[in-house]
Amino acid sequence: MNDLLAKISLRELLLLMIGVGSIVTSVLFLSLVLPQLKALLAVNETISILAEATVDGDVLGNRLNKRRATIDDMRYRLHGDMADLPAKQVEAFIIGRLQKLSWSNQVELVSVEPTVGERVDVFQETLFNVRLVGRYLDLYRWLWEARTELGFVVVKQFDLSRANNEDNDPLLVANLSLASYRPIE
């Protein structure tokens with residue numbers, strides 16, 4: 001081995017030691033450091049994904065709450081307070097609301113005649129032929145409040161005529177047909 005060392009110059013020996021050192025360093029790096037580095041990167045990626053999910057989860061929760069509120073609002077606009085009422089009580093409910101609207105707007109509710117309407121797709125129509133007497137502004141307020149109070153009811157027919165011959169602010173007679181729709185059970 002001394003003969004071999006004698007034949008190798010100092011420069012070649014230095015290059016050989018650098019090569020062996022590089023190989024040992026590479027093996028140590030690949031076996032010890034690289035798996036730990038991969039695990040660290042995976043943990044960092046998981047943390048960033050979870051952080052985004054938390055932020056997105058909050059945003060998603062807010063979106064779901066907004067959608068639920070929109071659905072509840074649409075359900076109220078479609079059915080109003082009568083959404084949970086049995087079909088037999090709907091007529092009494094609507095007539096009661098019409099009377100309440102009339103009292104609050106100084107309009108006389110002369111008559112309400114509920115009748116069965118036609119079937120529209122999966123809905124059964126119930127018609128309410130209503131006769132009102134009042135001043136123009138009172139009738140206007142009555143209709144406006146009926147829109148918000150009974151948003152689920154549609155005005156199918158409307159007729160307005162004079163009840164007296166006064167020139168200033170005459171009494172008017174309003175004949176209207178309101179339609180309510182309920183799903184067929």
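To start, this report covers the structure provided alongside it.

Cut-offs and rules
- Residues numbered from 1 in each chain as written.
- Predicted model: local features only at pLDDT ≥ 70, side-chain atom pairs only at ≥ 80, totals over all residues.
- Heavy atoms only, no water.
- Pairing = 2+ DSSP bridges.
- Helix = DSSP H or I, 4+ residues; strand = E, 2+ residues; numbered from the N terminus.
- Axes fitted to C-alpha atoms, helices over the stretch in contact; angles between N-to-C directions.
- Buried < 20%, exposed > 50% of the residue type's maximum accessible area, 1.4 Å probe, protein only.
- Contact = heavy atoms within 4.5 Å.
- Salt bridge = Lys/Arg side-chain N within 4 Å of Asp/Glu carboxyl O.

1. Quick word on the pairing of strand E2 (residues 123-134)
The sheet contact formed by strand E1 (residues 108-120) and E2 spans 10 bridges and is antiparallel. Paired with Val-112 across the two strands is Val-130, which belongs to E2. Adjacent in sequence and paired antiparallel, E1 and E2 are bridged by 2 residues, among which Asp-121 carries a positive phi angle near 55°. Here E2 runs beside strand E4 (residues 172-183); their pairing, made up of 12 bridges, is antiparallel. Its bridge partner being in E4, Arg-131 is matched across the sheet by Asn-175.

2. Here we look at the sheet that holds E4
One open sheet holds the 4 strands; their spatial order is E1-E2-E4-E3, and the pairing between them is antiparallel. At either end of the open sheet lies a strand with only one pairing partner, and these are E1 and strand E3 (153-162). For this sheet, the mean angle separating the axes of adjacent strands, direction not counted, is 15°.

3. Thoughts on the side chain of Thr-126
For Thr-126, the location among the structural elements is in strand E2. You can call Thr-126 buried: its relative accessible area is 19%. Ignoring sequence-local partners within four residues, the contact set of Thr-126 consists of Glu-91, Thr-115, Gly-117, Leu-178, Ala-179 and Ser-180.

4. Focus on the pattern of salt bridges
Considering all chains together, one arrives at 5 salt bridges under this definition. As a salt-bridge pair, Glu-149 and Arg-97 come within 2.6 Å of each other at their nearest N and O atoms. Of the two residues, Glu-149 sits in helix H4 (residues 136-149) while Arg-97 sits in helix H3 (residues 87-104), which places them 52 residues apart along the sequence. Judged by relative accessible area, Glu-149 falls into the partly exposed class, the value being 22%. Owing to a relative accessible area of 16%, Arg-97 belongs among the buried residues under this scheme. The closest approach of N and O atoms between Lys-100 and Glu-149, which form a salt bridge, is 3.9 Å. On the criterion of sequence distance, the pair formed by Lys-100 in helix H3 and Glu-149 in helix H4 is long-range, its members being 49 residues apart. Overlapping salt bridges, with partners in common, bring together Arg-97, Lys-100 and Glu-149 in one network.

Purely geometric stuff here, so don't read any function into it on its own.
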